[in-house]
Amino acid sequence: MKFAIQRSSDSCRGRFLVGVSILLLLAGLWPAKSESAGTPPVIPASPVADEDAGPSRAKSLSCLPKDVRADEAVSYGTKGKSILTVEKKLAEMKARCQRGKLLDAKGREIRFFRVSCWGNPPDDYQEIQKRENEEPAKLKKRFAVIVFGCNPMIQ
């Protein structure tokens, strides 16, 4: 009797898994057999809908560095709410991609710089801040620089 109950539940579980697999396949969430296992799915670079983004904005986001996201905050307002994202800043700068490089309206390459943000600063924080103030100044001589601000809710 116990064997029959267990076998019945195995059969139900198998049918359930087959049903879920069919639903995922029909919904397009399950990879098709023609896709290779090593190829990752294509994910759009922009978090906003395509109808909001013009062709130039989509192009400017296509050559973002791998460690920079379009929805990432560049500066913050009160209570730590982001007021300016990378995407908005690039739109302000009229950024575009050309030969794999991100350029501003004047044709200068755009670079990103992250300052250190601490809740409790380390002992040598003044030296770190001095270096971090000098580095963007050097970069600004040759490039257009976007400096990420710190979230005031952390500091």
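Residues numbered from 1 in each chain as written. Predicted model: local features only at pLDDT ≥ 70, side-chain atom pairs only at ≥ 80, totals over all residues. Heavy atoms only, no water.

### Observations regarding the state of the cysteines
To keep it simple, the criterion reads: Cysteine sulfur atoms that come within 2.5 Å of each other are treated as a disulfide pair. Secondary structure elements follow DSSP: runs of H or I no shorter than four residues count as helices, runs of E no shorter than two count as strands, and numbering proceeds from the N terminus.
A full pass over the atoms with the stated rule returns two disulfides. With a sulfur-sulfur separation of 1.7 Å, C63 is cross-linked through a disulfide to C97. In this structure the cystine formed by C63 and C97 twists about its S-S bond by roughly -115 degrees; its chirality is therefore left-handed. Pair noted here: C63 is in the loop between helix 2 (55-61) and strand 1 (73-76) and C97 is in strand 3 (residues 96-98), with a separation of 34 residues, a long-range link.

### Structural notes on the confidence of the model for the chain
Going by this rule: The quantity called pLDDT is the predictor's confidence in a given residue, expressed from 0 to 100. Should any heavy atoms of two residues lie within 4.5 Å, those residues are considered in contact.
Across the chain, the average pLDDT comes to 74, with 60% of residues at 70 or higher. Taken together, the stretch residues 29-54 has pLDDT below 50 and engages in 14 contacts with residues farther than four places along the chain or on a different chain.

### Considering the environment of K106
Under the convention used in this document: For every residue, the accessible area (1.4 Å probe, protein chains only) is compared with the maximum for its type, and the residue is labelled buried under 20%, exposed over 50%, or partly exposed between those bounds.
In this structure, K106 sits in the loop between strand 4 (101-103) and strand 5 (110-114). With relative accessibility at 72%, the residue K106 sits in the exposed group. On a C-alpha basis, the gap between K106 and K94 in space is 9.0 Å, while along the polypeptide they are 12 residues apart.

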